[in-house]
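# Structural overview for review
As a plain string of letters, each chain reads:
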Amino acid sequence: MKKAVSMFLTAALAVSCLAGCGSSAGNTSTGNASAGADSSASDDSAADDSAADGSVFKIGSIGPTTGDAAIYGNAVMNAAQMAVDEINAAGGANGYQLAFKAEDDQNDAEKSVNAYNSLKDWGMQILMGTVTTTPCVAVADKTAEDGMFEITPSASSTDVITNDNVFQACFTDPNQGTASAQYIADNNLGTKVAVIYDSSSVYSSGIEATFVEEAQNKGLEVVAEEAFTADSKTDFSTQLQKAQSAGADLVFLPIYYTEASIILTQANGMGYEPAFFGVDGMDGILGVENFDTSLAEGVMLLTPFAADADDEKTKAFVSTFKEKYGDVPNQFAADAYDAIYVIKAAIEQAGATPDMSASDLGTALTGAMTSISVDGLTGEGMTWQATGEVSKAPKAVVIKDGAYAAM
């Protein structure tokens, strides 16, 4: 049965005052918290043996751990493995251990479906993924056919939650667009706004549409809406010239970090210095190869996570992640970490056991999702609607001194 997915903000996103925000893919593990994503082959074998006799929950994950979007996939897999190891060390879920296995899809829908089938052969009962939207839409249809529970950490299009068995740990695209316009207006960050977006991307165009609508509602003047496509994403001089000529003092970028780095570089070459505001796809811009990160100074983006936050939960997560993987975790890592704990909460709420079939487990966990509340890295008291959307308050960060800082 299809869901009637709302295009409006959830109650949490209606809050007008917002506060501030890898490496290698994880392997199967049922070890303790110190095992990390580099578990040994013997640990993997033990996990498979335990899973075969129904004594562990088998969680699979799919995402790009190689290719252009690898910064997302690796962050997700590493953080998910961290959460699995912590949960296992603390006694598991309902007293049962978790097994985790990740597959690379290179941000390709066909490869993602192949990865899903491979994980099914492994015995996957729950899917934490996929990481990016287009592969997630393709895989979501497969999980629906199989009745398998799926929660994506970062695929934000409403298209991925059309089926009843799929939930999101991240904000939906429409919510990001609306919340961004509200934040810009409420904090007087700009008056004349230009938008540069990818019209060939469901993610980008979905955010752009709701941003423009809400910007007009909030009294912002949208002076330019400039599109590009996947086939024309290396030269943005025309779009930037139109924004500059229209007098835009803020440019909204609902796009991914690679294209954003090119836009910032080309704007600098033109002497055009508006404020830039982005969304979660820009998290990763500081890691773009050969990009002068000084050009990102002052760039703002909406995100549910700030690595420099001073609460104990965030500090512990960041410290452990850096120790294990030598990198500062981004919001994709935080959403994935939370997603594993959401699975644990749903398992416990449902009273589920690993000897259940994937479809029976899927039914149980789907039913439990609207009854749980999770305090995570990306939100306190996170809840889920039957539509699959999460309710949590967004935050904004600014790039300052080469790092993300809460606004």
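Higher on the page you've got the structure.
The text that follows walks through the structure, step by step, so that each part is easy to find. The structure presented is a predicted model; accordingly, all values stated were derived computationally and were not measured.

### Here we look at empty space enclosed by the protein
Of the pockets and cavities examined, the largest cavity occupies roughly 70 Å³. Taken together, Tyr72, Val131, Thr132, Thr133, Ser154, Ala155, Ser156, Tyr203, Tyr256, Asp280 and Phe332 make up the full set of residues lining the largest cavity. A breakdown of the residues in the lining of the largest cavity according to their chemical character gives 6 nonpolar, 4 polar and 1 charged. Space inside the second largest cavity adds up to approximately 50 Å³. Every residue lining the second largest cavity is listed: Cys170, Phe171, Gln176, Asp280, Leu302, Thr303, Pro304, Gln331 and Asp335. Contributing elements (two or more residues each) for the lining of the second largest cavity: β10 (300-303) and α10 (331-350). Across the lining of the second largest cavity, the residue classes break down as 4 nonpolar, 3 polar and 2 charged.

### A few points about the nonpolar core
Core analysis: the largest hydrophobic core is formed by 81 residues, its most contacted members being Met128, Ile151, Phe317 and Ile340. Per-element accounting of this core gives the leading share, 12 residues, to α10. If near-sequence neighbours (up to four positions away) are discounted, Ile151 is found in contact with Leu127, Met128, Gly129, Phe167, Gln168, Ala169, Ala339, Val342, Ile343 and Met369. Counting 24 residues, the second largest nonpolar core, distinct from the first, contains Ala181, Tyr183, Ala215 and Leu302.

### Comments concerning α10
Taking 1.5 Å of rise per residue, the 20 residues of α10 would be expected to cover 28 Å, and the 28 Å separating its terminal C-alpha atoms lies within 8% of that figure. Among the 20 residues of α10, 16 are classified as buried, and the element is accordingly described as predominantly covered. The N-capping residue of α10, defined by a side-chain oxygen 3.1 Å from the backbone nitrogen of Phe332, is Asn330. In the stretch just after α10, Gly351 is the one whose phi turns positive, near 65°.

### Some remarks on unusual backbone geometry
With an omega dihedral of 0°, the bond running from Gly129 to Thr130 counts as a cis peptide bond. Looking at where Thr130 falls in the secondary structure, it is placed in the loop between β3 (126-128) and α4 (133-146). In this structure, Gln106 takes a positive phi of about 55° despite not being glycine. Look at Gln106 and you get partly exposed, because its relative accessible area is 42%.

### Some details on the sheet that holds strand β12 (residues 379-384)
If you walk across this open sheet you meet the 3 strands as β11-β12-β13, and the pairing is antiparallel. On the outer flanks of this sheet lie β11 (374-376) and β13 (390-391), each paired with one strand and no other. Of the pairings in the sheet, the one linking β11 to β12 comprises 2 bridges and is antiparallel in character. If you follow Val374 over to β12, its bridge partner there is Met382.

### So, the layout of surface pockets
Looking at the largest pocket, its volume works out to about 600 Å³. Asn107, Asp198, Lys233, Tyr256 and Glu259 are, among the 23 residues lining the largest pocket, the residues nearest its centre. At the level of secondary structure, the elements contributing two or more residues to the lining of the largest pocket comprise α4, α6 (202-217) and α8 (257-270). At 4 residues, α8 tops the list of elements feeding residues into the lining of the largest pocket. Among the residues making up the lining of the largest pocket, the classes are represented as 11 nonpolar, 8 polar and 4 charged.

### Concerning the pattern of salt bridges
Oppositely charged side chains can form a pair if their charged atoms are brought close together. As enumerated under the stated definition, the model contains 7 salt bridges in all. Of the charged contacts in the structure, one is a salt bridge between Lys315 and Glu312, with a shortest N-O distance of 3.1 Å. Of this pair, Lys315 and Glu312 are both found in helix α9 (residues 312-325), 3 residues apart, which corresponds to roughly one turn of the helix.

Here is what the cut-offs are and how they apply
- Residues numbered from 1 in each chain as written.
- Predicted model: local features only at pLDDT ≥ 70, side-chain atom pairs only at ≥ 80, totals over all residues.
- Heavy atoms only, no water.
- 1 Å grid on protein atoms, 1.4 Å probe; cavity = no way out; pocket = protein on both sides within 12 Å on 5 of 7 lines; lining within 4 Å.
- Points joined across faces, edges and corners; volume = space filled by probe spheres on them.
- Nonpolar A, V, L, I, M, F, W, Y, C, P; charged D, E, K, R; others polar.
- Helix = DSSP H or I, 4+ residues; strand = E, 2+ residues; numbered from the N terminus.
- Core = buried A, V, L, I, M, F, W, Y, C linked by side-chain atoms within 4.5 Å.
- Buried < 20%, exposed > 50% of the residue type's maximum accessible area, 1.4 Å probe, protein only.
- Contact = heavy atoms within 4.5 Å.
- Expected span 1.5 Å × (residues − 1).
- Polar contact = N/O pair within 3.5 Å; in protein donor to acceptor, adjacent residues only side chain to side chain.
- Pairing = 2+ DSSP bridges.
- Salt bridge = Lys/Arg side-chain N within 4 Å of Asp/Glu carboxyl O.

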